[in-house]
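Structure at a glance
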Amino acid sequence: MTPFLKHIAQYLATHHADNLADVCLILPNRRSSLFLRKYLAEEIGKVTWAPAFYSIEDFIAQISGLV
């Protein structure tokens, strides 16, 4: 899964580097968001606002209001 996450990080750095704070990413689990954050930080290489990261479980809980 790692090469796929690196590809996503490259795409975000190329196409959304100026407005990452407006991006919301929904991933299968929290672990994948941890790795994507790492790869995105390597690609951007500067301090910037990070996109919102959610696991599917967290996202559904947030929009439904159920825990």
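Quick look at the structure, then. (Residues numbered from 1 in each chain as written. Predicted model: local features only at pLDDT ≥ 70, side-chain atom pairs only at ≥ 80, totals over all residues. Heavy atoms only, no water.)

In this model, helix H2 (residues 30-44) (15 residues) spans 21 Å end to end at C-alpha, consistent with the 21 Å of a helix rising 1.5 Å per residue. If you check which residues of H2 are buried, you get Ser32, Ser33, Leu36, Tyr39, Leu40 and Ile44. Viewed end-on, H2 has its buried residues packed into an arc of 130°, placing them on one side of the element. Along H2, the residues that are exposed and aim more than 90 degrees away from the buried face are Arg30, Arg31, Leu34 and Glu42. (Helix = DSSP H or I, 4+ residues; strand = E, 2+ residues; numbered from the N terminus. Expected span 1.5 Å × (residues − 1). Buried < 20%, exposed > 50% of the residue type's maximum accessible area, 1.4 Å probe, protein only. Arc of directions from axis to C-beta.)

If you trace the backbone, histidine 16 turns up in the loop between helix H1 (2-15) and strand E1 (24-27). In this structure, the C-alpha to C-alpha distance between histidine 16 and proline 51, residues 35 residues apart in sequence, is 9.9 Å. Dropping the residues within four chain positions of it, histidine 16 is found in contact with Tyr11 and Val23. (Contact = heavy atoms within 4.5 Å.)

Another aspect to go through is the pairing of E1. Here E1 shows a buried face lined by Leu25 and Leu27 and an unburied face lined by Cys24 and Ile26. When E1 meets strand E2 (residues 52-55), the two strands line up parallel, connected through four bridges. If you follow leucine 25 over to E2, its bridge partner there is phenylalanine 53. Between the parallel elements E1 and E2, the chain passes through H2 in a crossover that is right-handed. (Pairing = 2+ DSSP bridges. Right-handed = clockwise from strand over helix to strand, strands pointing away.)

Next up on the list: the environment of alanine 9. Tracing the backbone shows alanine 9 in helix H1. A relative accessible area of 0% places alanine 9 in the buried class. For the pair formed by alanine 9 and arginine 37, sequence separation is 28 residues and the distance between their alpha carbons is 8.1 Å. Other than its neighbours up to four places away in sequence, alanine 9 contacts Leu36, Tyr39, Leu40 and Glu43.

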